[in-house]
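Reading the structure
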Amino acid sequence: MAKQRPHIRIILRAFDHRILDQSARQIVEVAEQTGAVVAGPVPLPSKVKRFCVIRSPHIDKDSREHFELRIHKRLIDVREVTSKTLETLSRLNMPAGVDIQVKA
């Protein structure tokens, strides 16, 4: 049986899509510089959480305020990973607000 080369799946999550796209672009550039093959970033469906809050509990009970939180996601697959790729990816400084999940 042929030995498979290692690969990494990176999932990025953030509330702001501009910061998320910037982080994904940075990861792709660094991975390609080290000689890895990159597939992505693939935009995954955004999750929307909606909240309805009563403005005043006394007189204006029928007056409500609506809020929503959008969680944007991106998927990046890095194939043919070397030790140099792992080292440079671990040293990257990501902006605040970006959640990174790495699966081997």
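The shown structure was predicted, so the numbers you read here are calculated from the model rather than taken from an experiment. (Residues numbered from 1 in each chain as written. Predicted model: local features only at pLDDT ≥ 70, side-chain atom pairs only at ≥ 80, totals over all residues. Heavy atoms only, no water.)

For the structure shown, the criterion picks out seven salt bridges. Residue Asp16 pairs with Arg18 through a salt bridge whose shortest N-O separation is 3.8 Å. For Asp16, a relative accessible area of 25% gives the class partly exposed. Take Arg18: its relative accessible area is 59%, and that puts it in the exposed class. In this structure, Glu68 and Arg50 form a salt bridge, with 3.2 Å as the shortest nitrogen-oxygen distance. (Salt bridge = Lys/Arg side-chain N within 4 Å of Asp/Glu carboxyl O. Buried < 20%, exposed > 50% of the residue type's maximum accessible area, 1.4 Å probe, protein only.)

Neighbouring strands of a sheet are bound in pairs by backbone hydrogen bonds; such pairs are parallel or else antiparallel. One open sheet holds the four strands; their spatial order is β2-β3-β1-β4, and the pairing between them is antiparallel. In this open sheet, the two strands that pair with only one neighbour each are β2 (37-54) and β4 (99-103). Strand-to-strand twist across the sheet, computed as the mean angle between neighbouring axes with direction ignored, equals 15 degrees. For strand β1 (residues 7-14) and strand β3 (residues 64-79), the ladder comprises eight bridges, and the chain directions are antiparallel. Opposite Arg9, over in β3, you have Asp77 as the bridge partner. Seen against the sheet, helix α1 (residues 17-33) touches β1, β2 and β3 and runs at an angle of roughly 5 degrees to β3. (Pairing = 2+ DSSP bridges. Helix = DSSP H or I, 4+ residues; strand = E, 2+ residues; numbered from the N terminus. Axes fitted to C-alpha atoms, helices over the stretch in contact; angles between N-to-C directions. Contact = heavy atoms within 4.5 Å.)

The next point concerns unusual backbone geometry. The step from Gly40 to Pro41 runs through a cis peptide bond, and the omega angle for that step is 5 degrees. Its place among the elements puts Pro41 in strand β2.

Before going further, it helps to examine the environment of Ala31. As for its position among the elements, Ala31 is in helix α1. Look at Ala31 and you get buried, because its relative accessible area is 0%. Considering only alpha carbons, one finds Ala31 and Arg9, 22 residues apart in sequence, at a separation of 12 Å. Each residue touching Ala31, except ones within four places of it in the same chain, is listed here: Ala36, Val38, Val78 and Thr85.

Here the focus is the confidence of the model for the chain. With 95% of its residues at a pLDDT of at least 70, the chain reaches an overall mean of 88. Confidence, expressed as mean pLDDT per element, reaches its minimum in the chain at helix α2 (residues 83-90) with 87 and its maximum at β3 with 94. (pLDDT = per-residue confidence, 0-100.)

Turning next to the nonpolar core. In terms of nonpolar packing, the biggest core is built from 18 residues, with Ile10, Leu12, Ile27, Ile76, Val78 and Leu89 touching the most fellow members. Looking at this core, the elements with two or more residues in it are β1, α1 and β3. Every residue in contact with Val78, bar those within four places of it in the chain, is listed here: His7, Ile8, Ile10, Ala31, Ala36, Val37 and Thr85. (Core = buried A, V, L, I, M, F, W, Y, C linked by side-chain atoms within 4.5 Å.)

To continue, consider a nonpolar patch on the surface. A cluster of nonpolar residues, Phe15, Phe51, Val53, Phe67 and Leu69, forms a patch on the protein surface that exposes about 460 Å² of accessible area. Sorting the residues of the nonpolar patch by element identifies β2 and β3 as the ones contributing at least two each. As for its placement among the helices and strands, Phe67 is situated in strand β3. We classify Phe67 as partly exposed; its relative accessible area is 43%. (Patch = residues over 30% accessible without salt bridge, like charges linked within 9 Å, V, L, I, M, F, W, Y side chains within 5 Å. Areas by Shrake-Rupley, 256 points an atom, 1.4 Å probe, with all protein chains shown as cover.)

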